[in-house]
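Residues per chain, in single letters:
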Amino acid sequence: MATVKFYGNETVPLEMHKVRIVQKLCLPPVERRLEKITEAGNNTFLLKNADVFLDMLTDSGVNAMSDQQQAAMMVADDSYAGSATYTRLENKLRDLFGMHYFLPAHQGRACEHILAKAFVSPGKVVPMNYHFTTTKAHITLQGGAVEELVTDAGLEVVSVNPFKGNMDIGKLRALIKARGADNIAFVRMESGTNLIGGQPFSLQNLADVSNVCKENGVLLVLDASLLADNLYFNKVREEHCKALSIREITRRTADLCDVIYFSARKLGCARGGGICIRDQGIYQRMRPLVPLFEGFLTYGGMSVREMEALTVGLEETMDEEMINQGPQFIAYMVDQLQERGVPLITPAGGLGCHIDAKRFVDHIPQAQYPAGALASALYIASGIRGMERGTLSEQREPDGSEIFANMELVRLAMPRRVFTLSQVKYAVDRLAWLYDNRRLIGGLSFIEEPEVLRFFYGLLKPVSDWQDKLVAKFREDLGDSL
Ligand SMILES: *Cc1c(COP(=O)(O)O)cnc(C)c1O
């Protein structure tokens, strides 16, 4: 596909869509933002959306739908069993992935629940490039263990490696040898590897993993929730993919796997999820769990409208001009922030921008939650809501001591086709201001700390009056600006 070059020197990601429905946003003044984040216990999960200017918390279920998706929702065939809507979805998945069987589920974690129940038992191991929170929870709930086999490059914050999501093939072989193929529940590869910064794997790496699986008679499962980003990076970063269409890369990816599951809150810009399966026996092993936990086999917890939107969304994912929007906006934001010295995960991946709080606020000890403090400071400075991905997101040891996270990140998700470039520029500007004033940012401490999932519900306070000083400096530098 030809990219649009500008006559001037600037490289600008040009939107290949126009906006036809808008939602009014509100940007409360900085003093009010301080009040709101204080009420929310300095926890961005507890902010009300009405008080948020740019919601960059997540890309889940908040991507913009196309006109065609919305139109399809109006012709959905509403029936409990055997709806034509379901058949259209099933046929689309067969067409794209070349796998005969499909099981619908209400979202990505429900697929993980079913897979774990069917294949994981105490003593079993699931090797993967990297875990996702819900994946790991479902595997360990069934008594299994996760083994992370991402290449060393995957955990380097600053890198130029184009495929930080690759699995280390040597480590995979060694693990299968050490544990025995019979004890491997399945091997899992995650597209656009979420927790290490939306980093892709190469098609070549997937082929190598697939070979090892075949040699050992082990099942290969793909988490395709962030497949759209991975396909884009295969196309632009991998030499032998340059001449292939997105549809061809999709099929080659699928041909290497036995099972593909996905969250349709991300893939296909809708809501829902499902599991595509090549082999009848494997399908039959999981099938009874769908009516039990999700719903009848022709909806699995999804509404027919969601299924129609998903069918169209999956087809639209085959359009490079559609799937390039997220990664190109993210690359633009990463470039601009790097120019201003803001430390972040590189190279730019999918999903969003990942600010490295360990370096941004290197004066804040990990025990005072630097990533949480930075997320709070960013909301005060901009009205932008990001997500803490650091020590706050960990759970304490049974003896009460903290587990300090490897990475202290503030993730700024880029929901697909939702924000305009001027809004991205605003985010860059406010982050640059905050970086220049980073010494004003202080730590946080708990007021109320839940035992499980403390990052969702926990309430925190600043360790000093640093937030008031930040507001005062904002007024000094930016006058009466919102
Ligand atoms: C979001 C996500 C999931 C879980 O999907 P939900 O629809 O939120 O349950 C699983 N895997 C990956 C890689 C994800 O990004």
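Rules behind the numbers
- Residues numbered from 1 in each chain as written.
- Predicted model: local features only at pLDDT ≥ 70, side-chain atom pairs only at ≥ 80, totals over all residues.
- Heavy atoms only, no water.
- Salt bridge = Lys/Arg side-chain N within 4 Å of Asp/Glu carboxyl O.
- Helix = DSSP H or I, 4+ residues; strand = E, 2+ residues; numbered from the N terminus.
- Buried < 20%, exposed > 50% of the residue type's maximum accessible area, 1.4 Å probe, protein only.
- UniProt positions renumbered as here; feature names shortened; annotations may be inferred.
- Contact = heavy atoms within 4.5 Å.
- Expected span 1.5 Å × (residues − 1).
- Pairing = 2+ DSSP bridges.
- Axes fitted to C-alpha atoms, helices over the stretch in contact; angles between N-to-C directions.
- Polar contact = N/O pair within 3.5 Å; in protein donor to acceptor, adjacent residues only side chain to side chain.
- Phe/Tyr/Trp six-rings, centres within 6.5 Å; stacked < 30°, edge-to-face > 60°.
- Lys NZ or Arg CZ within 6 Å of the ring centre and 35° of its normal.
- Left-handed = near helix turned anticlockwise from the far one by under 90°.
- Nonpolar A, V, L, I, M, F, W, Y, C, P; charged D, E, K, R; others polar.
- Core = buried A, V, L, I, M, F, W, Y, C linked by side-chain atoms within 4.5 Å.
- Near = heavy atom within 4 Å.
- Areas by Shrake-Rupley, 256 points an atom, 1.4 Å probe, with all protein chains shown as cover.

Chemist: Which parts of the structure should I look at to understand the pattern of salt bridges?
Modeler: For side chains bearing opposite charge, pairing can occur when the charged atoms are close. Overall, the coordinates contain 27 salt bridges when judged by the stated rule. The salt bridge involving Arg-475 is made with Glu-31; its shortest N-O contact spans 2.7 Å. Pair noted here: Arg-475 is in helix 19 (residues 466–478) and Glu-31 is in helix 1 (residues 30–39), with a separation of 444 residues, a long-range link. For Arg-475, a relative accessible area of 25% puts it in the partly exposed group. For Glu-449, the salt bridge identified is with Arg-396, shortest N-O distance 2.7 Å. With a gap of 53 residues between them, Glu-449 in the loop between strand 13 (444–448) and helix 18 (454–457) and Arg-396 in the loop between strand 11 (387–389) and strand 12 (409–413) connect regions that are remote in the sequence. The class for Glu-449 is partly exposed, based on a relative accessible area of 32%.

Chemist: What's the story with the UniProt feature "modified residue: N6-(pyridoxal phosphate)lysine" (unreviewed entry) in the protein chain in this structure? I'm lost.
Modeler: As annotated in UniProt, the feature "modified residue: N6-(pyridoxal phosphate)lysine" (unreviewed entry) corresponds to Lys-266 in the numbering used here. Tracing the sequence through the fold places Lys-266 in the loop between strand 7 (259–263) and strand 8 (273–277). Of the residues examined, Lys-266 reaches a relative accessible area of 13% and is grouped as buried. Apart from residues no more than four positions distant in its own chain, Lys-266 is found in contact with Asp-59, Ser-60, Asn-63, Phe-132, Asn-194, Ser-225 and Leu-226.

Chemist: Just to check I follow, could you spell out helix 12 (residues 304–316) for this structure?
Modeler: Each turn of an α-helix holds 3.6 residues, which means side chains three or four residues apart point in the same direction. Along its 13 residues, helix 12 runs 18 Å from first to last C-alpha, staying within 8% of the 18 Å computed at 1.5 Å per residue. Taken as a whole, helix 12 has its buried residues at Val-304, Met-307, Glu-308, Ala-309, Leu-310, Thr-311, Gly-313, Leu-314 and Glu-316. On its buried side, helix 12 packs onto helix 2 (67–73), helix 3 (84–97), strand 7 and helix 13 (320–323).

Chemist: It is not clear to me how the sheet that holds strand 12 should be interpreted in this structure. Could you clarify?
Modeler: If you trace the three strands from one edge of the open sheet to the other, you get 9-12-11, paired in antiparallel fashion. The open sheet has two edge strands, strand 9 (352–356) and strand 11, and neither has a second partner. Averaged over all pairs of adjacent strands, the angle between strand axes in this sheet comes to 30 degrees, irrespective of strand direction. Alignment of strand 11 against strand 12, held across three bridges, turns out to be antiparallel.

Chemist: Can you help me understand the side chain of Asn-205 in this one?
Modeler: Position of Asn-205 relative to the elements: it lies in helix 7 (residues 203–216). Setting aside anything within four residues of it in sequence, one finds Asn-205 in contact with Asn-166, Met-167, Ile-169 and Met-189.

Chemist: Got a minute to help me understand the side chain of Thr-135 in this structure?
Modeler: As for its position among the elements, Thr-135 is in helix 5 (residues 133–141). Within the structure, the side chain of Thr-135 is placed 3.4 Å from the side chain of Arg-188, a separation counted as a polar contact. Here Thr-135 is in contact with Glu-112, Met-128, Arg-188 and Tyr-261, once residues within four sequence places are set aside.

Chemist: Is there a simple way to explain the packing of aromatic side chains in this structure?
Modeler: The description of two aromatic rings rests on the distance between their centres and on the angle between their planes. Under the definition given, this model contains 14 aromatic pairs. An angle of 65 degrees between the planes, with centres 5.4 Å apart, marks the rings of Tyr-232 and Phe-233 as edge-to-face. Like Tyr-232, the residue Phe-233 is buried in the burial classification. Seen from their ring centres, Phe-360 and Tyr-435 are 5.0 Å apart, and the 70 degrees between their planes marks the pair as edge-to-face. Placement of Phe-360 in helix 15 (residues 357–360) and of Tyr-435 in helix 17 (residues 421–436) is noted, with a sequence separation of 75 residues between them. Under the relative-accessibility criterion, Tyr-435 is labelled buried at 14%. Through successive ring pairs, a cluster of aromatic residues spans Phe-45, Phe-455, Phe-456 and Tyr-457. Taking the ring centre of Tyr-435 as reference, the NZ or CZ of Arg-438 above it sits at 3.9 Å.

Chemist: Explain the packing of helix 17 against helix 19 to me, please; I cannot follow it from the model alone.
Modeler: Relative placement of two packed helices is described by the angle separating their axes and the distance separating the axes. Contact pair helix 17 / helix 19: the axes reach a minimum separation of 12 Å and the direction vectors enclose 115 degrees. Viewed along their axes, helix 17 and helix 19 form a crossing whose handedness is right-handed. Listed contacts from helix 19 to Arg-430, Trp-433 and Leu-434 of helix 17 are Leu-470, Lys-473, Phe-474, Asp-477 and Leu-478. Residues belonging to the contact of helix 17 with helix 19 are distributed by class as follows: five nonpolar, no polar and three charged.

Chemist: Looking at this structure, how should I read the UniProt feature "domain: Aromatic amino acid beta-eliminating lyase/threonine aldolase" (unreviewed entry) in the protein chain?
Modeler: Mapped onto this numbering, the UniProt entry annotates "domain: Aromatic amino acid beta-eliminating lyase/threonine aldolase" (unreviewed entry) at residues 55–424. Taken end to end, residues 55–424 comprises 41% helix and 13% strand; its first and last C-alpha atoms sit 12 Å apart.

Chemist: So what exactly am I meant to see when it comes to the nonpolar core here?
Modeler: Among soluble globular proteins, nonpolar side chains are generally buried collectively. Residues Met-333, Leu-337, Ile-355, Phe-360, Leu-412, Leu-434 and Ile-441 are the most contacted members of the largest nonpolar core, which totals 59 residues. Counting 56 residues, the second-largest nonpolar core is a separate cluster that includes Tyr-232, Phe-262, Leu-310 and Leu-314.

Chemist: Whenever I open this one, the site of the ligand confuses me. Can you help?
Modeler: Neighbouring the ligand are 13 residues; Gln-107, Arg-109, Asp-223, Ser-263 and Lys-266 lie closest to it. Side-chain polar atom of Ser-263 to an oxygen atom of the ligand: 2.6 Å apart, as the coordinates give it. Look at the ligand: alone it shows 380 Å² of surface, and the protein chains cover 98% of it. Element by element, the count of residues in the shell around the ligand is highest for helix 4 (residues 108–119), at three residues.

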